[in-house]
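Commentary on secondary and tertiary structure
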Amino acid sequence: MRNFLLGSAFSFLLLIAVGTLALPQGGGSQAASSETYRQLNLFGDIFERVRNDYVEQSDDAELVEAAINGMLASLDPHSTYLNPKKFREMQVQTRGEFGGLGIEVTMDNGLVKVVTPIDDTPAARAGLKAGDLITHLDGTPVLGMTLSEAVEQMRGPVSSKIKISVQREGEDGPLDFEITRDVIKVQSVRSHAEDDIGYVRITTFNEQTEEGLKKALSSLKSEIGGDRIKGYVLDLRNNPGGLLDQAIAVADAFMDQGEIVSTRGRDEANQQRYNAREGDLTDGKPVVVLVNGGSASASEIVAGALQDHHRAIVLGTKSFGKGSVQTIIPIQGQGALRMTTARYYTPSGHSIQAKGIVPDIEVPQAKIELLEQRPRTSEADLRNRLAPEEEEAAKGEGDSAKEAAPEAATPAGSDEDFQLLRALDLLRGLSLFHANAASR
């Protein structure tokens, strides 16, 4: 099975080798071949001129990488070249696990601040606490590092050690911890009970998502009671996407049958369709899916499938509108090519490219009144984005999709989360309606 990338930086890996450039040969393609060679010679001439005459010394590798990225950026916003370092980072995000310490961090006045240690990880067991300021890593001052540089230094091979020095409020001097790195799994699924309703939030679609969703649903059934559960809220707000197979697995968990998504590339013979398997893990209970302008790609596949099959009510604001699939093509020793190779379609046959999923019930995030008015960038706003299939419709949408519905800076799942409160009310109303109908 080929592996595809659907989010901003996630992918299945298409394990194929990249050979030399094959130019058109023979017959009517000979003119095209000659023109291609002339264009490549033009690039070579300009490359040499820059190397020799630019006002400052240039790095050949950086020039070539910039040229490659320029070529790919002219295609669409999601095609790009991943150098070896970026490719490794993408693989870590895709797997959803890495060798590290198990802490969520941010920058605070030039130092790395511990937001929270993750339960049952080396950092938690060693005694790091929320609010600790990391000052040194293996004796090297953190001051002057970027957050990504510090995170990269804290990650490393499993079973390797690192010495961390921290400042802690209430302590007279620095505290030193020697911590042994372990496998850290990125928790992409979180859940809790909202009285008689199960709340499940998926923050990204990585290799841990399907397993995490199954555990969450099982835990909610045990906590609430299978007969007492009135329904589920599936929160996909601000989820940028991820792996295609994980999006299919998530939709499948709420469905018994039917198409989930199809993909179509340049060659119509390569069209793929993915269908649900028998077995609804929620036992047919009502479902509300929350989406907003930050819900993209794999999130839109799940929302679109459940909406088209009338399996769930989609509530919130219009989603991002990224309806394309990226394939990751490793280049031996040189990173990988991330290239758009297909569009995906909801079960009803609609492409959401630059359109988004329109919720069944539009509910802006608010607390009595809108907390924050700010335009939200969508796929339709991106430079060189793929046009919707219906060109005439695309022209109209390109002019009208400059502003998405306003979003509020309210933490998902909090008591002030207006969209969630509406979803809970809706599920309880549906449960009451069905109970009354059954008693007649």
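Residues numbered from 1 in each chain as written. Predicted model: local features only at pLDDT ≥ 70, side-chain atom pairs only at ≥ 80, totals over all residues. Heavy atoms only, no water.

1. Considering the nonpolar core
Definition in use: Take the buried residues of types Ala, Val, Leu, Ile, Met, Phe, Trp, Tyr and Cys, join any two whose side-chain atoms come within 4.5 Å, and each joined set is a nonpolar core. Each residue is placed in one exposure class: buried if its accessible area under a 1.4 Å probe, protein chains only, is under 20% of its type's maximum, exposed if it is over 50%, and partly exposed if it falls in between. Secondary structure elements are taken from DSSP: a helix is a run of H or I of four residues or more, a strand is a run of E of two residues or more, and numbering for both begins at the N terminus. Contact definition: two residues touch when any of their heavy atoms are within 4.5 Å.
Core analysis: the largest hydrophobic core is formed by 41 residues, its most contacted members being L234, I260 and V289. The set of elements that each furnish at least two residues to this core consists of β12 (197–202), α6 (209–224), β13 (231–235), α7 (244–253), β14 (259–265), β16 (287–291), α8 (298–308) and β19 (336–345). Each residue touching V289, except ones within four places of it in the same chain, is listed here: L234, L236, A303, L306, A312, I313, V314 and L315. Residues V105, V112, L137 and V142 belong to the second largest nonpolar core, which totals 18 residues.

2. A word on the side chain of E300
This is how it is decided: Charge counting treats Lys and Arg as positive and Asp and Glu as negative, with His and both chain ends excluded. Salt bridges, as used here, are contacts in which a Lys or Arg side-chain nitrogen is within 4 Å of a carboxyl oxygen on Asp or Glu. Here a polar contact is recorded for every N or O atom pair within 3.5 Å, except that within protein the pair must consist of a potential hydrogen donor and a potential acceptor, and residues adjacent in sequence are included only if both atoms are side-chain atoms.
Mapped onto the secondary structure, E300 falls in helix α8. With no salt bridge to any partner, buried E300 finds its closest opposite charge in K322, at an N-O distance of 7.4 Å. Looking at E300, its side chain comes within polar contact range of the main-chain nitrogen of S297, at 2.6 Å. Looking at E300, its side chain comes within polar contact range of the side chain of S319, at 2.6 Å. Contact partners of E300, with chain neighbours within four places excluded, come to S295, S319, F320, G321, K322, Y344, I352, G356 and I357.

3. Details of helix α3 (residues 84–95)
So the rule is basically this: Given a helix with a known number of residues, its expected span is that number minus one, times 1.5 Å.
Between its terminal C-alpha atoms α3 stretches 17 Å, which fits the 16 Å expected from 12 residues at 1.5 Å a residue. Of the residues making up α3, those classed as buried are F87, M90, V92 and T94. G96 sits one or two positions beyond α3 and adopts a positive phi of about 75°.

4. Focus on the pattern of salt bridges
Side chains carrying opposite charge are able to pair once their charged atoms draw close together. Within this structure, the stated rule accounts for 22 salt bridges. Here E259 and R273 are joined by a salt bridge, their closest N and O atoms 2.6 Å apart. Taken as a pair, E259 in strand β14 and R273 in strand β15 (residues 272–275) lie far apart in primary sequence, 14 residues in all. Judged by its relative accessible area of 46%, R273 is partly exposed. What you see here is one network of salt bridges that share partners, running through R201, D235, R237 and D417.

5. A short note on the pairing of strand β11 (residues 189–194)
We count it as follows: In this analysis, strands are considered paired if DSSP registers two or more bridges between them.
For β11 and β12, the ladder comprises 6 bridges, and the chain directions are antiparallel. Opposite S191, over in β12, you have V200 as the bridge partner. With antiparallel pairing between neighbouring strands as the criterion, β11 and β12 make up a hairpin whose turn holds 2 residues, including D195 at a positive phi of roughly 60°.

6. Quick look at the packing of α7 against α8
Applied cut-off: All axes here are fitted lines through C-alpha atoms, helices being fitted over the stretch that makes contact, and every angle between N-to-C directions spans 0 to 180 degrees. These descriptions rest on fixed angle ranges, namely under 35 degrees for roughly parallel, over 145 for roughly antiparallel, 65 to 115 for roughly perpendicular, and the rest for oblique. Two helices that cross are described as forming a left-handed crossing if the nearer one is turned anticlockwise from the farther one by less than a right angle, and a right-handed crossing if clockwise.
Across the interface, α7 lies against α8 with an axial gap of 9 Å and an inter-helix angle of 30°. Judged by the angle between their axes, α7 and α8 are roughly parallel. Between α7 and α8 the crossing geometry is right-handed. Where α7 approaches α8, its residues L244, A247, V250 and A251 are matched on the opposing element by A298, I301, V302, A305 and L306.

7. A look at the packing of aromatic side chains
We apply this condition: In summary, the pairing rule links any two rings of Phe, Tyr or Trp, Trp by its six-membered ring, whose centres are within 6.5 Å, and it sorts them by plane angle into stacked for under 30 degrees, edge-to-face for over 60 and tilted for everything else. Either the NZ atom of lysine or the CZ atom of arginine qualifies as a charge over a ring when it sits within 6 Å of the ring centre and within 35 degrees of the ring normal.
Under the defined criterion, the tally for this structure stands at 1 aromatic pair. Ring geometry for F43 versus F47: centroids 6.1 Å apart, planes at 25°, classification stacked. Note that F43 and F47 are positioned in helix α1 (residues 30–53) at a spacing of 4 residues, about one turn of the helix. For F43, a relative accessible area of 43% corresponds to the partly exposed category. The class for F47 is buried, based on a relative accessible area of 17%. Here the basic side chain of R264 rests over the ring of Y345, its NZ or CZ set 3.8 Å away from the ring centre.

8. Some remarks on unusual backbone geometry
With a phi angle near 55°, D120 is a residue other than glycine that sits in the positive phi range. By secondary structure assignment, the location of D120 is in the loop between β5 (111–117) and α4 (122–126). D120 sits in the exposed class, given a relative accessible area of 66%.

9. Topic: the side chain of D196
The residue D196 is located in the loop between β11 and β12 in this model. Residue D196 is classed as buried on the basis of its relative accessible area of 7%. The residues touching D196, leaving out its near neighbours within four places in the chain, are I224, R228, I229, K230, G231 and R428.

10. Topic: the packing of α6 against α7
What counts is decided by this rule: Throughout this entry, Asp, Glu, Lys and Arg are counted as charged residues, while Ala, Val, Leu, Ile, Met, Phe, Trp, Tyr, Cys and Pro are counted as nonpolar. The remaining residues, Gly among them, count as polar.
Where α6 contacts α7, the two axes come as close as 9 Å, and the packing angle between them is 20°. Taken together, the axes of α6 and α7 are roughly parallel relative to one another. Crossing hand, α6 versus α7: right-handed. In contact with T209, E210 and L213 of α6, α7 contributes Q246, A249, V250 and A253. Split by residue class, the contact of α6 with α7 holds 4 nonpolar, 2 polar and 1 charged.

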